[in-house]
Amino acid sequence: LSSVREMQFHLGIDVGSTSTKAVMLGKDGKAYAGFYTYTLGQPLKAVQALFEAIDHLAVKTGNSFQFLSCGTTGSARNFITGSVGADRDYDEITAHARAAYELNPLTDTIIEIGGQDAKFTRMKDGRKAPFAVDTASS
């Protein structure tokens, strides 16, 4: 008889216009596993594919996964939050700011190139800071 070990995680899902990602974080905040797939205009199918990969990992490792919380971000976050019963959804700027701060508390600028747009964010003390953008008019 093999004993199944129950492992606890927090799950993050980023449902973008081009790709969909998920990360399983341990209670210590460290990444245990990450998953990636193309969205292909079907965010629910993309998230289902990630859940299938998570199930496959559980079977492969002989473990049982319990999710303590789930957060979503990305262009389809509102739709997916309800579909998967997530605890919270975060706009991408907030998610990027939090991640950048966790990686380096001195981060003051984020430039993100996404599938549909690009974003520039100024930060102060781990939060979005107000800034002005000059635009050229013709």
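Everything quoted here is computed from the prediction, not taken from an experiment.

Draft legend 1. Representation of the overall build of the chain in the model. Helices and strands together make up the secondary structure of the chain, namely 3 helices and 8 strands. Each helix and strand of the chain, placed in order from N terminus to C terminus, yields the pattern β-β-β-α-β-α-β-α-β-β-β. Taken over the C-alpha atoms alone, the chain extends approximately 70 × 35 × 20 Å along its principal axes. Across the 138 residues of the chain, 31% fall into the buried class. Expressed as a percentage of contacts within the chain between residues at least 6 apart in sequence, the contacts between residues at least 24 apart total 41%. Accessible surface, the chain: about 9,300 Å² in total, of which carbon and sulfur atoms supply 52%.

Draft legend 2. Here's a closer look at the nonpolar core. By size, the foremost hydrophobic cluster in this structure holds 19 residues, and its most contacted members are Leu11, Ile13, Met24, Phe35 and Phe65. If you list the elements that add at least two residues to this core, you get strand S1 (5–15), strand S2 (19–26), strand S3 (31–38), helix H1 (43–61) and strand S4 (63–73). In this view, Leu11 contacts Ala22, Val23, Met24, Phe51, Ile54, Phe67, Ser69, Cys70 and Gly71; residues no more than four positions away in its chain are not counted.

Draft legend 3. Representation of unusual backbone geometry within the structure. Despite not being glycine, Leu40 shows a phi value in the positive range, around 55 degrees. Counting through the fold element by element, Leu40 comes out in the loop between S3 and H1.

Draft legend 4. Expanded view of the sheet that holds S2. With respect to topology, 5 strands assemble into an open sheet ordered S3-S2-S1-S4-S5, the strand pairing being mixed. Two strands in the sheet have a free side with no partner beyond their single neighbour: S3 and strand S5 (88–89). Pairing of S4 with S5 involves 2 bridges; the strand directions are parallel. From the neighbouring strand, Thr72 faces S5, where its bridge partner is Asp89. Contacting S1, S4 and S5, helix H2 (residues 77–84) runs over the sheet at an angle of about 145 degrees to S4.

Draft legend 5. Layout of the side chain of Thr72. Structurally, Thr72 can be placed in strand S4. The class for Thr72 is buried, based on a relative accessible area of 1%. A distance of 3.5 Å separates the side chain of Thr72 from the backbone oxygen of Arg77, its partner in a polar contact. Look past the residues within four positions of Thr72 in its chain and what remains in contact with it is Ile13, Arg77, Ile80, Thr81, Ala86, Arg88, Asp89 and Tyr90.

Draft legend 6. Seen up close, the environment of Lys124. Assignment of secondary structure puts Lys124 in strand S7 (residues 118–124). Take Lys124: its relative accessible area is 59%, and that puts it in the exposed class. For the pair Lys124 and Thr109, spaced 15 residues apart in sequence, the C-alpha to C-alpha distance is 8.8 Å.

So, how was this worked out
- Residues numbered from 1 in each chain as written.
- Predicted model: local features only at pLDDT ≥ 70, side-chain atom pairs only at ≥ 80, totals over all residues.
- Heavy atoms only, no water.
- Helix = DSSP H or I, 4+ residues; strand = E, 2+ residues; numbered from the N terminus.
- Buried < 20%, exposed > 50% of the residue type's maximum accessible area, 1.4 Å probe, protein only.
- Contact = heavy atoms within 4.5 Å.
- Areas by Shrake-Rupley, 256 points an atom, 1.4 Å probe, with all protein chains shown as cover.
- Core = buried A, V, L, I, M, F, W, Y, C linked by side-chain atoms within 4.5 Å.
- Pairing = 2+ DSSP bridges.
- Axes fitted to C-alpha atoms, helices over the stretch in contact; angles between N-to-C directions.
- Polar contact = N/O pair within 3.5 Å; in protein donor to acceptor, adjacent residues only side chain to side chain.

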